[in-house]
Amino acid sequence: MKRLYLALASFALTTLSLYAQSSGYTTDGYYRVWNKGSERYIYVKDNTGSYNLDVVDYGAIQLWKNPSRTISDPSSVIYIRQVTDKKYDLEAQGTGIYKLVQHYVTINHMTDGSYEVYASQSGVTKYLSDISTSDTRERGTLGDGGKLNYRKWYVDKIDPSKEVNYFGLKPTVEAQGKWYCPFYAAFPFRTISPGMKVYTISIVDVAQKVAVLKELEGDVPASTPVIVECQSENPSDNRIDLLMQSAPAIKGNLLRGTFFANDERPASKDSYVRYDAGSMRVLGTDGGKLAFVSTGKSIVQLEVYVNYQDVVYDCLAANHSYLPVPASMPAEFTVMTEEEYQKLGIDGVRQDGKADAEGIYTMQGVQLSRKADTDGLPAGIYLVNGRKTVVR
């Protein structure tokens, strides 16, 4: 029965927007799903099945009311793929049913447009349900003992053109009149709203204590930590389109990301990532300018129960990007574009300290060529005859 329960828990990789009219499953793609009886959405907050004998721990999945919560939360986004007539695979947050248990879930389409989700083993059938006793509470409880409407679910495909069931970024950092979102999600995407830009971090210059933004042109590949410049603080102005196919992974991106910050799963190694002030920085501001800092909204406090006592950890926020740094980096340091970085002086970067040295050098002072010909060099920033040069 363990595999049955885990498959049911994994299906809880699904949710939808309450006030959108459900269109049901149409084709493979990204959906949200909510419970017909309680009108609560499902959120994927962990990727580890934890169970004892035949009792499953559903702590990896959370149920919440309020459709506005779903708009900017990747944990409400599920990729649904039909395998056979009633067998489906569902993926979210870098995991999925088949990845976890090599097992597909059965979905039954009801006459009222809803869906029942179940699995059977040894003559026993269990239905995914909201088993909360109160419909008025914002938080529900996922289980397999619900009846009637509480084991029925609606699904609706995410579409950037919809008024409700779209995905829009919620920025957390404002700097010099611009809004930024440190973002990390399993799905590939492209920006839709005008004025949006996507960046990676290509260089961390220890000598000059700066990080360099590299603008990403084109689609953002799956599972790529990025910084998105947004149009405003309103998610409806920062819409993205979730893509069916992913571009190749990006090389040279120094950003990292985490999917989960779930204090209800302290025994799961993937349920949260503790923040280390000696080796990590998050996006923020320093003197009103965009910077990487040691405190900010990308760091959250989680109270977890460890070794029979409650402890509070500083952890990285779910679905946020962050920057690993060497111990010599200060608590706050500037973020700048490649063009701004080119204009900086080169004192302290070259090993010999000569600004007029001929040839091509890396930013760490390693000589690559005695000639100033950049043909054939990989994309990056170099010192060419003593001047910083961007090779694209």
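This text goes with the structure placed above it.
Please read these numbers as outputs of a predicted model, since none were measured by experiment.

A.B. asks: Please provide a residue-by-residue account of the sheet that holds strand β23 (residues 239-242), values included.
C.D. replies: An order of β16-β23-β19 is seen for the three strands of this open sheet, with the pairing classed as antiparallel. The outermost strands of the open sheet, each flanked by one partner alone, are β16 (167-168) and β19 (189-191). Across three bridges, β19 lies against β23 in antiparallel orientation. Counted as the bridge partner of threonine 191 is isoleucine 240 from β23.

A.B. asks: Break down the side chain of aspartate 130 for me, citing the residues and quoting the values.
C.D. replies: In this fold, aspartate 130 is placed in strand β12 (residues 129-130). Owing to a relative accessible area of 1%, aspartate 130 belongs among the buried residues under this scheme. Only 2.6 Å separates the side chain of aspartate 130 from the side chain of serine 38, close enough to count as a polar contact. A polar contact of 3.0 Å, which involves the side chain of aspartate 130, links it to the side chain of serine 132.

A.B. asks: Before we move on, can you summarise the nonpolar core with the specific residues and values?
C.D. replies: Judged by nonpolar contacts, the single largest core of 22 residues is most densely connected at Tyr25, Ile80, Tyr88, Leu90, Val105 and Trp153. Counting only elements with at least two residues in this core, the list comes to β1 (29-35), β2 (41-44), β5 (61-64), β6 (78-82), β7 (87-92), β9 (105-109), β10 (115-121) and β15 (152-157). No other element matches the three residues that β7 contributes to this core. Ignoring anything within four residues of it in the chain, the contact list for tyrosine 25 reads Tyr31, Ile80, Gln82, Tyr88, Tyr115 and Val155. Residues Val77, Trp179, Val198 and Leu216 belong to the second largest nonpolar core, which totals 21 residues.

A.B. asks: Can you explain the sheet that holds strand β32 (residues 367-369)? Please cite residues and give values.
C.D. replies: Sheets are built from strands paired through backbone hydrogen bonds, the pairs being either parallel or antiparallel. As summarised here, the arrangement of the four strands in space is β32-β31-β33-β34, forming an open sheet in which the pairing is antiparallel. Each edge of the open sheet is held by one strand with a lone partner, namely β32 and β34 (387-391).

A.B. asks: Can you break down the pattern of salt bridges residue by residue, with the values?
C.D. replies: Counting across every chain of the model gives 12 salt bridges. The partner of arginine 81 in a salt bridge is aspartate 89, with the nearest N and O atoms 3.5 Å apart. A relative accessible area of 32% places arginine 81 in the partly exposed class. Residue class for aspartate 89 comes out buried when judged on its relative accessible area of 5%. The residue lysine 178 makes a salt bridge to glutamate 229 at a minimum N-O spacing of 3.9 Å. With lysine 178 in strand β18 (residues 178-183) and glutamate 229 in strand β22 (residues 226-230), this pair connects stretches of sequence that are 51 residues apart. Overall, lysine 178 belongs to the partly exposed group, its relative accessible area being 40%. Overall, glutamate 229 belongs to the buried group, its relative accessible area being 8%.

A.B. asks: So what's going on with the pairing of β34? Residues and values would help.
C.D. replies: Where strand β33 (residues 380-384) meets β34, five bridges bridge the pair, whose relative direction is antiparallel. Along β34, the bridge assignment pairs leucine 383 with lysine 388. Linking β33 back to β34 in an antiparallel pair, the connection comprises two residues, with asparagine 385 at a positive phi of about 50°.

A.B. asks: An account of unusual backbone geometry is needed here, citing residue identities and associated values.
C.D. replies: Despite not being glycine, glutamine 93 shows a phi value in the positive range, around 55°. Positionally, glutamine 93 belongs in the loop between β7 and β8 (95-96). A residue is classified by how much of its surface remains accessible, and glutamine 93, at 4% relative accessible area, is buried. Positive phi, normally seen in glycine, also occurs at tyrosine 308, with a value near 70°. Relative to the elements of secondary structure, tyrosine 308 occurs in the loop between β27 (299-306) and β28 (309-316).

A.B. asks: Tell me what's going on with the state of the cysteines, and back it up with residues and numbers.
C.D. replies: Under the counting rule described, the total for this entry stands at zero disulfides. There is no disulfide at cysteine 181, and the cysteine sulfur nearest it, in cysteine 230, is 5.4 Å away. Judged by relative accessible area, which is 5%, cysteine 181 ranks as buried.

A.B. asks: Mind laying out the packing of aromatic side chains, listing which residues take part and the relevant values?
C.D. replies: Evaluated as defined, the whole model comprises 16 aromatic pairs. Put simply, the rings of Tyr30, Tyr79, Phe167, Phe183, Phe187 and Phe189 pair up and form one aromatic cluster. Over the ring of tyrosine 43 we find arginine 69; its NZ or CZ atom is 5.7 Å from the centre of that ring. Geometry around tyrosine 166 places arginine 239 over its ring, the cationic atom sitting 3.7 Å from the centre.

A.B. asks: Got a sec to walk through the pairing of β10? Specific residues and values, please.
C.D. replies: Along β10, five of the seven residues are buried, which leaves the element largely enclosed by surrounding structure. Inspection of the sheet shows β9 paired to β10 by four bridges, in the antiparallel sense. If you follow histidine 109 over to β10, its bridge partner there is tyrosine 115. Connecting β9 to the antiparallel partner β10 that follows it, the hairpin turn spans five residues, and glycine 113 within it adopts a positive phi of roughly 90°. Two strands pair when backbone bridges link them, and β10 and β15 are joined in this way by two bridges, in the antiparallel orientation. Looking at β15, one finds that glutamate 116 is bridged to lysine 152. Of the pairings in the sheet, the one linking β10 to strand β11 (residues 124-127) comprises four bridges and is antiparallel in character. By the bridge assignment, tyrosine 118 is partnered in β11 with tyrosine 127.

About the cut-offs
Residues numbered from 1 in each chain as written. Predicted model: local features only at pLDDT ≥ 70, side-chain atom pairs only at ≥ 80, totals over all residues. Heavy atoms only, no water. Pairing = 2+ DSSP bridges. Helix = DSSP H or I, 4+ residues; strand = E, 2+ residues; numbered from the N terminus. Buried < 20%, exposed > 50% of the residue type's maximum accessible area, 1.4 Å probe, protein only. Polar contact = N/O pair within 3.5 Å; in protein donor to acceptor, adjacent residues only side chain to side chain. Core = buried A, V, L, I, M, F, W, Y, C linked by side-chain atoms within 4.5 Å. Contact = heavy atoms within 4.5 Å. Salt bridge = Lys/Arg side-chain N within 4 Å of Asp/Glu carboxyl O. Disulfide = S-S within 2.5 Å. Phe/Tyr/Trp six-rings, centres within 6.5 Å; stacked < 30°, edge-to-face > 60°. Lys NZ or Arg CZ within 6 Å of the ring centre and 35° of its normal.

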